[in-house]
Amino acid sequence: MPWNNQGGGWQPGGGRGPWGQGPSQGGGGGSGGGGGGRGPQSPDLEDLLRRGQERFKRVLPGGPRSPRAFGLIILGFVALWLVSGFFQVAPDEQGVVLRFGKWVRTTDPGLHYHLPSPIEEVLKPKVTRVNREDIGFRTVTETRRGREGDLLEESLMLTGDENIVDLRFSVLWVIRDAGQFLFNIQDPAGTVKAASESAMREVVGRNKISYVLAEGRAPIEAQTRDLIQRIVDQYGAGVRITEAKLQRADPPGQVIDAFRDVQRARADLERQRNEAEAYQNDIVPRAKGDAERLIQEAEAYKEQVILTARGDAQRFLSIYKEYKGAREVTARRMYLETMERVLGGMNKVIIDQDKGGGGVVPYLPLNELMRQRPAPTSAGGQQ
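Here is what the cut-offs are and how they apply
- Residues numbered from 1 in each chain as written.
- Predicted model: local features only at pLDDT ≥ 70, side-chain atom pairs only at ≥ 80, totals over all residues.
- Heavy atoms only, no water.
- Pairing = 2+ DSSP bridges.
- Helix = DSSP H or I, 4+ residues; strand = E, 2+ residues; numbered from the N terminus.
- Axes fitted to C-alpha atoms, helices over the stretch in contact; angles between N-to-C directions.
- Expected span 1.5 Å × (residues − 1).
- Buried < 20%, exposed > 50% of the residue type's maximum accessible area, 1.4 Å probe, protein only.
- Contact = heavy atoms within 4.5 Å.
- Salt bridge = Lys/Arg side-chain N within 4 Å of Asp/Glu carboxyl O.
- Polar contact = N/O pair within 3.5 Å; in protein donor to acceptor, adjacent residues only side chain to side chain.
- Core = buried A, V, L, I, M, F, W, Y, C linked by side-chain atoms within 4.5 Å.
- pLDDT = per-residue confidence, 0-100.
- Phe/Tyr/Trp six-rings, centres within 6.5 Å; stacked < 30°, edge-to-face > 60°.
- Parallel < 35°, antiparallel > 145°, perpendicular 65-115°, else oblique.
- Nonpolar A, V, L, I, M, F, W, Y, C, P; charged D, E, K, R; others polar.

1. Remarks on the sheet that holds strand β5 (residues 120-123)
- The sheet built from 3 strands is open, its strands ordered β3-β2-β5 with antiparallel pairing. Lying at the two open borders of the sheet, with one neighbouring strand each, are β3 (102-107) and β5. Between one strand axis and the next, the sheet turns by 30° as a mean value, whatever way the strands run.
- In this sheet, β3 lies alongside strand β2 (residues 95-99) in antiparallel orientation, the contact comprising 5 bridges. Residue pairing in the sheet places Gly 95 in a bridge with Thr 107 of β3.

2. Looking at helix α8 (residues 217-235)
- With 19 residues, α8 extends 27 Å from end C-alpha to end C-alpha; this agrees with the ideal 27 Å at 1.5 Å per step.
- All buried positions along α8 are accounted for by Ile 220, Glu 221, Thr 224, Leu 227, Ile 228, Gln 229, Ile 231 and Val 232.
- Considering only its buried residues, α8 is in contact with β10 (164-175), α6 (188-205), α7 (209-213) and β11 (239-250).

3. Description of the pattern of salt bridges
- Under the defined criterion, the tally for this structure stands at 17 salt bridges.
- Residue Asp 166 is joined to Arg 168 by a salt bridge in which the shortest nitrogen-to-oxygen separation is 2.9 Å. Each member of the pair Asp 166 and Arg 168 is classed as buried.
- With a shortest N-O distance of 2.1 Å, Arg 264 and Asp 261 are connected by a salt bridge. One end of the pair, Arg 264, and the other, Asp 261, are both in helix α9 (residues 256-325), 3 residues apart, so they sit about a helical turn from each other.

4. A few points about the side chain of Ser 155
- With respect to the helices and strands, the residue Ser 155 is situated in helix α4 (residues 152-155).
- Classification of Ser 155 as buried rests on a relative accessible area of 0%.
- At 2.8 Å, the side chain of Ser 155 and the side chain of Asp 166 are in polar contact.

5. A short note on the nonpolar core
- Of all hydrophobic cores here, the largest spans 35 residues; its most connected members are Leu 167, Phe 169, Val 171, Met 200 and Val 232.
- For this core, the secondary-structure elements that each account for two or more residues are β2, β10, α5 (178-183), α6, α7, α8 and β11.
- For Leu 167, the residues in contact, after removing those within four places along its chain, are Ile 135, Ser 155, Met 157, Met 200, Val 204, Val 212, Leu 246, Arg 248 and Ala 249.

6. Looking at the environment of Leu 123
- With respect to the secondary-structure elements, Leu 123 resides in strand β5.
- Put simply, Leu 123 and Trp 103 are 20 residues apart on the chain and 9.9 Å apart in space, counted from C-alpha to C-alpha.
- Once you skip the residues sitting within four places of it in the chain, Leu 123 turns out to touch Gln 94, Gly 95, Val 96, Leu 98 and Leu 182.

7. Some points on the confidence of the model for the protein
- Residues with a pLDDT of 70 or more make up 75% of the protein, whose mean pLDDT is 77.
- Below pLDDT 50 for its whole length, residues 1-37 participates in 28 contacts with residues either more than four positions away or in separate chains.
- Low pLDDT, under 50, characterises residues 378-383; the predicted model gives this stretch 3 contacts beyond four residues in sequence or across chains.

8. A word on the packing of aromatic side chains
- The full count for this structure, using the stated rule, is 4 aromatic pairs.
- Here Trp 103 and Phe 183 contribute two aromatic rings whose centre-to-centre distance is 6.2 Å and whose plane-to-plane angle is 10°, an arrangement assigned as stacked. Of the two residues, Trp 103 sits in strand β3 while Phe 183 sits in helix α5, which places them 80 residues apart along the sequence.
- Assessed through its relative accessible area of 36%, Phe 183 is described here as partly exposed.

9. A closer look at the packing of α9 against helix α10 (residues 327-343)
- Interaxial distance between α9 and α10 falls to 5 Å at its minimum, and their mutual angle equals 130°. With respect to each other, α9 and α10 are oriented oblique. Along the contact surface, α9 presents Ile 319, Glu 322, Tyr 323, Lys 324 and Gly 325, while α10 presents Arg 327, Thr 330, Ala 331 and Met 334.
- Across the contact of α9 with α10, the residue classes break down as 4 nonpolar, 2 polar and 3 charged.

This is how it looks when you write it as structure tokens:
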């Protein structure tokens, strides 16, 4: 019977019997009675390999050793190799593409492509990270605390007035062009440090020590930053100087006490000078104001006198003109006006006897006379 073939030749459905039982074992499925009564079995590894080979043969009729199969395998490897050329540049990075070790271009953040290795490769340095160079001191981390170590050969500088100043400062910088930073100079950090020390010495050498220690800190920082930037740009370092910060500016330790005495004396001089200037600013405006007031009063008096004189002259001319027209009337009027002006304030009464004044009874007001205070008398006489 076909389903009891001891040779296992007819196995439809991939090596199983016509009723779905497992494949015959050892060629004795009928006589031995061991083929039809077994339960489900685990997948056969050989059967799986055989099925994979059959599918591969259907794709590649010539087998894995055929030219077509070899070409497809090569194309697959080439495709994977080309795809490996895609690279991603983070927002805080710049991509530097090298072709056989030579810098060919610089890329911005984003997705880019380069010829796969070993033709081209890419370096991605961090361009937003702030780097710091300390000149005149070093910071050493010990037991979670910072300890500063002084370097006098870096910090001692000569000022324009031939004084020595102990100056420590820090320079902050970032990468501006990653390609220049990686390939134009061998030691970027050392170059920035050397340029910073040279620039600071040049700026300090153009100023006096009093200016460096007091009001000149901010201008010196700005001038030093600009000078360092010009120096590193000449080198093509590909860095940008963000800040040059003075940490400390003092006289040398050997003469600091004497220098402080000089500073106190200068402070006293400046204070007294300010007080004198304040007094000057107070007294001079007041004196100028008084002088201006006197001048204005004199000018006003001058105008008043002139105008009064002109008025008097005009009045006299007017009276003279009237006098020439009617001399008698004008003379009488002038006489009466003069007498009114002279006698207007007197308390005397004149009685003319010829005009009927003889009937007037004299009256002496004694009470009024007693109330009046006696006037001072002259020598031997009474008033």
